[in-house]
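Overview (structure and organization)
Spelled out from the first residue to the last, the chains are:
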Amino acid sequence: MGNSTSSHKISAQDKAILDMKNQRDKLHQYQRRITVLTDREKEIAKQMLAKGDKPRALLALRRKKYQESLLAKTDAQLEQLEKLTSSVEFALVQKDVVFGLQQGTSVLNEIHKEMGGLEHVEKLMGETADAIAYQQVSDWPVMIALSGS
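Residues numbered from 1 in each chain as written. Predicted model: local features only at pLDDT ≥ 70, side-chain atom pairs only at ≥ 80, totals over all residues. Heavy atoms only, no water.

Identification of the chain as Charged multivesicular body protein 6 from Hyaloscypha hepaticicola is taken from an unreviewed UniProt entry. A UniProt comment under Sequence similarities (unreviewed entry) is attached to the chain, and it reads "Belongs to the SNF7 family." Under the UniProt heading Subcellular location (unreviewed entry), the note attached to the chain is "Endosome membrane". (UniProt positions renumbered as here; feature names shortened; annotations may be inferred.)

1. Points about the overall build of the chain
Helix and strand counts for the chain stand at 3 helices and 0 strands. Start at the N end of the chain and walk to the C end: the helices and strands fall as α-α-α. Its C-alpha atoms give the chain principal-axis dimensions of about 130 × 45 × 30 Å. In the chain, which comprises 149 residues, the share counted as buried stands at 13%. Residue pairs in contact within the chain that sit at least 24 positions apart in sequence constitute 76% of those at least 6 positions apart. On the chain, the mean spot of the 22 positive side-chain charges and the mean spot of the 20 negative ones are 24 Å from each other. (Helix = DSSP H or I, 4+ residues; strand = E, 2+ residues; numbered from the N terminus. Buried < 20%, exposed > 50% of the residue type's maximum accessible area, 1.4 Å probe, protein only. Contact = heavy atoms within 4.5 Å. Lys, Arg positive; Asp, Glu negative; His and termini not counted. Charge placed at Lys NZ, Arg CZ, Asp CG, Glu CD.)

2. A look at a nonpolar patch on the surface
On the surface, Phe-90, Val-93, Val-97 and Leu-101 cluster together into a nonpolar patch covering about 400 Å² of accessible area. Its place among the elements puts Val-93 in helix 2 (residues 54-115). Exposure remark for Val-93: the relative accessible area of 47% places this residue in the partly exposed category. (Patch = residues over 30% accessible without salt bridge, like charges linked within 9 Å, V, L, I, M, F, W, Y side chains within 5 Å. Areas by Shrake-Rupley, 256 points an atom, 1.4 Å probe, with all protein chains shown as cover. Salt bridge = Lys/Arg side-chain N within 4 Å of Asp/Glu carboxyl O.)

3. Description of the side chain of Thr-85
Locating Thr-85 in the fold gives a position in helix 2. Non-local contacts of Thr-85, meaning those with residues more than four positions away in its chain, are made with Ile-17, Met-20 and Lys-21.

4. Considerations on the packing of helix 1 (residues 12-51) against helix 2
At their nearest, the axes of helix 1 and helix 2 sit 8 Å apart, and the two run at 165° to each other. One way to sum up the angle between helix 1 and helix 2 is to call them roughly antiparallel. Handedness of the crossing formed by helix 1 with helix 2: left-handed. Its residues assigned to classes, the contact of helix 1 with helix 2 comprises 20 nonpolar, 10 polar and 12 charged. (Axes fitted to C-alpha atoms, helices over the stretch in contact; angles between N-to-C directions. Parallel < 35°, antiparallel > 145°, perpendicular 65-115°, else oblique. Left-handed = near helix turned anticlockwise from the far one by under 90°. Nonpolar A, V, L, I, M, F, W, Y, C, P; charged D, E, K, R; others polar.)

Rendered as structure tokens:
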């Protein structure tokens, strides 16, 4: 139990997508930490202003502004990472579609070979039409004989 070998292999593409999603999650965690720091700096600035300590309030606001700039950079990185992840996942879907099209084309070509190609089908259709015409011609005297009796 639990020691059976899995028949599913993890491809390099799967690992790359997982790594990108892990990085995305780390960026989300970083954003949350920065947001907490920004809120804390804002509170410190309010407290310092209430105490009348304007220089420390300004320092807290500068730190808050710096944290907000980091947050904006993180947002840009996160957006790029999500675009890249989507592009990779879509490329993998396209790869599967192309593989399916190749397989379908191979099967169709094999069927055409088994049928003998277009010329063989046209010849067969011609022979069938000839056989139907011959049957109609040979049925004609029988029909005249039956209707004359």
